[in-house]
Amino acid sequence: MPMLPIPAFVALVLGYLAIRSSLSQGRPLLVTFLAACALQSGMVALVGGYGVQWLRFALPISASFIPPLAWVTFQDALVSRFSAKKMTGHLATPAFTLFCRAFVPETTDVVVSLVFAGYGAAILVQLRSVSDMPLARLEAGHVPMVIWQILGWALIASATIDVLIAVAFATGNGEWTGWMITVSSSLVLLVVGMLSGSPSASGTGDDEHPKASASKPETSQEDIDIVAKLEDFLNREPMHLDPNLTLARLARRLHLPEKRLSMAVNRATGRNVSRYVNSWRIRHACALIEGGMSVTQAMLESGFNTKSNFNREFLRETGVAPSKWTDEFALKSKVSSLGQTKTALKTGR
C-alpha cells in the first residue's frame, strides 16, 4: 500500500492553506510565504521519501528563503506595508547561502542555522520593543503577538535542531539524522505555516499589558491633551466600532505620529491603544445589551469579530460575562425602581 511521507503530508496541508488564503483574498505576501513553506516541505519529501537526490543541493538554498519571508510577512502584517525595495536586502541571504553551498559546502549548515536563529530572534526583539503595532487590528487583542512569538521561537528551534543534527554526525550517530531531518523540518514548517495562516496572525501585535520601565516617563500635559483630543474624536466619529481599525489609521485621522499617539495613551491611561479602544467598544456593547439587543448582535455592532476576544475584554472591563450583564442590569434597575417607590411612599407622592 502506498505510504505518504510526513513532509509530503505537510506540503499538502500548507498548499491547502496557501490556496485558501488566496481565494479569501489574503495578502499576497502571506500567500507567497505559505506557498514557499509548502514547496520546501515538498522538496524534503522528494529527497528523503522518494530519493530524488538531485534536489539535495538546492534544499539549504530554498530553506534560506523561509526566514526572510517570515520576517517581511510579519512586518507587512503588523508594522509597515511591504514594498519590493524592502525585500531586496533580504535576498542577500539565499544568495550568500548559494555561494556557500557552491564553494564552501562545509559551512552551509552553519549559515542556514544562523539565518533561522537570526530572523527568529529579530521577530522576538521587534515584539518586545514596542507595545502597539501600527497595522494591527485593535479588535484582536494580544493573540497575534503570541502567534508571532511562537513563530519566532519555531525558527530558533529549527536552528537548534540543525545543531543537534551536526552533533549526531560528529558523535557517530548519523543514523539518527534521517528521522531528525524529516520530522523536525516538517513540524517546524507546519507550525510556521499554520500559525501564519491563522486570521489572528495579522490581527494585532499589542501586548497584554503596557511595557513597564524602571524609569517610566511621567505623564505630560501634551499626553493629556492628546488623549482628550482622541476622546473628542471618538465621540464625534466612532471609529472604534470598525473591527478593522488600526493604530496607523487612528493616528492618521488625528494627524499624529503613530508612536506619539501610542506613548500618550500608554502614559495617560496606563493602557495600550488596543485595550483603550476596546474599553470604548465594551461600553458601547453594554449600552446595546441594556437596550435589549442580543449579546451576539451587540458584539458585532461594537467592533468585535470574535466571541473569545469580546468575552475576554467584556469580563476585564465589567467584571462579569456578557451573558450575565443583562441580569446585572435588570437587578440594578429593580433596586433603583424599589428605591424610587420607597421614596414616593415616604413623600406621599
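Residues numbered from 1 in each chain as written. Predicted model: local features only at pLDDT ≥ 70, side-chain atom pairs only at ≥ 80, totals over all residues. Heavy atoms only, no water.

**Q** What is the right way to read the overall build of the protein chain from this model?
**A** Helices and strands together make up the secondary structure of the protein chain, namely 16 helices and zero strands. Here the protein chain holds 349 residues, and the buried ones make up 44% of them. When contacts within the protein chain are restricted to residue pairs at least 6 apart in sequence, long-range pairs at least 24 apart make up 73% of them. Surface summary for the protein chain: the accessible area is close to 18,100 Å², and the carbon and sulfur share equals 65%. (Helix = DSSP H or I, 4+ residues; strand = E, 2+ residues; numbered from the N terminus. Buried < 20%, exposed > 50% of the residue type's maximum accessible area, 1.4 Å probe, protein only. Contact = heavy atoms within 4.5 Å. Areas by Shrake-Rupley, 256 points an atom, 1.4 Å probe, with all protein chains shown as cover.)

**Q** Is there a simple way to think about the packing of helix α2 (residues 28–48) against helix α4 (residues 66–78) in this case?
**A** Axis angle and axis distance: for two packed helices, these are the angle between their axes and the distance between the axes, and together they describe the pair. Two numbers describe how α2 lies on α4: the axes approach to 9 Å, and their chain directions differ by 160°. As the angle between them shows, α2 and α4 are arranged roughly antiparallel. Read as a crossing pair, α2 and α4 show a hand that is left-handed. Facing α2, whose interface residues are Leu29, Leu30, Thr32, Phe33, Ala36, Cys37 and Gln40, α4 presents Ile66, Leu69, Ala70, Val72, Thr73 and Asp76. The class makeup of the residues in the contact of α2 with α4 is nine nonpolar, three polar and one charged. (Axes fitted to C-alpha atoms, helices over the stretch in contact; angles between N-to-C directions. Parallel < 35°, antiparallel > 145°, perpendicular 65-115°, else oblique. Left-handed = near helix turned anticlockwise from the far one by under 90°. Nonpolar A, V, L, I, M, F, W, Y, C, P; charged D, E, K, R; others polar.)

**Q** Sorry, what's going on with the nonpolar core here?
**A** The nonpolar side chains of a soluble globular protein tend to be buried, and buried together. Counting 36 residues, the largest nonpolar core has Leu69, Phe74 and Phe116 as the members making the most contacts within it. Secondary-structure elements contributing two or more residues to this core are α1 (6–23), α2, α4, α7 (108–129) and α8 (143–170). No other element matches the eight residues that α4 contributes to this core. The contact partners of Phe116, leaving out residues within four places of it in the chain, are Ala63, Ile66, Pro67, Leu155, Ile156, Ser158 and Ala159. (Core = buried A, V, L, I, M, F, W, Y, C linked by side-chain atoms within 4.5 Å.)

**Q** What am I meant to see in α4 here?
**A** Every α-helical turn comprises 3.6 residues, leaving residues that sit three or four positions apart pointing alike. The terminal C-alpha atoms of α4, which comprises 13 residues, lie 18 Å apart, in line with the 18 Å expected from a rise of 1.5 Å per residue. Among the 13 residues of α4, 13 are classified as buried, and the element is accordingly described as predominantly covered. (Expected span 1.5 Å × (residues − 1).)

**Q** Got a minute to help me understand the packing of aromatic side chains in this structure?
**A** Given two aromatic rings, their pairing is described by the distance between the two centres and the angle made by the two planes. Scanning the entire structure with this criterion turns up eight aromatic pairs. For the ring pair Phe99 and Phe103, a centre distance of 5.2 Å and an interplane angle of 40° mean the geometry is tilted. A residue pair is termed a helical-turn pair when its members lie 3 or 4 positions apart in one helix, as Phe99 and Phe103 do in helix α6 (residues 92–103) at four residues. Judged by relative accessible area, which is 61%, Phe103 ranks as exposed. Look at Tyr276 and Trp280: their rings are 6.4 Å apart centre to centre, the planes differ by 55°, and that puts the pair in the tilted class. In this pair, Tyr276 and Trp280 both sit in helix α13 (residues 273–290), four residues apart, roughly one turn of the helix. Each member of the pair, Tyr276 together with Trp280, is buried. (Phe/Tyr/Trp six-rings, centres within 6.5 Å; stacked < 30°, edge-to-face > 60°.)

**Q** Help me out: how do you make sense of the pattern of salt bridges in this one?
**A** Here the idea is simple: oppositely charged side chains can pair when their charged atoms come close. Tallied over the full model, the rule gives eight salt bridges. Note that Arg260 is salt-bridged to Glu222, the shortest N-O span being 3.4 Å. Pair noted here: Arg260 is in helix α12 (residues 258–269) and Glu222 is in helix α10 (residues 221–236), with a separation of 38 residues, a long-range link. A relative accessible area of 18% means that Arg260 is categorised as buried. Residue Glu222 is classed as partly exposed on the basis of its relative accessible area of 47%. Notably, a salt bridge pairs Arg312 with Glu313, separated by 3.5 Å at the nearest N-O pair. (Salt bridge = Lys/Arg side-chain N within 4 Å of Asp/Glu carboxyl O.)

**Q** It is not clear to me how the confidence of the model for the protein chain should be interpreted in this structure. Could you clarify?
**A** A low pLDDT score tells you not to read the predicted coordinates there in detail. Of all residues in the protein chain, 73% attain a pLDDT of 70 or more, and the chain-wide mean is 78. Averaged over each element, pLDDT in the protein chain is lowest for helix α16 (residues 322–347) (53) and highest for α6 (94). Every residue in residues 203–215 is under pLDDT 50, and counting partners more than four places away or in other chains gives 47 contacts. (pLDDT = per-residue confidence, 0-100.)

**Q** Whenever I open this one, unusual backbone geometry confuses me. Can you help?
**A** Peptide bonds are mostly trans, and most non-glycine residues show a negative phi. With phi around 60°, His255 is a residue other than glycine that occupies positive phi space. Position of His255 relative to the elements: it lies in the loop between α11 (247–254) and α12. For His255, a relative accessible area of 70% corresponds to the exposed category.

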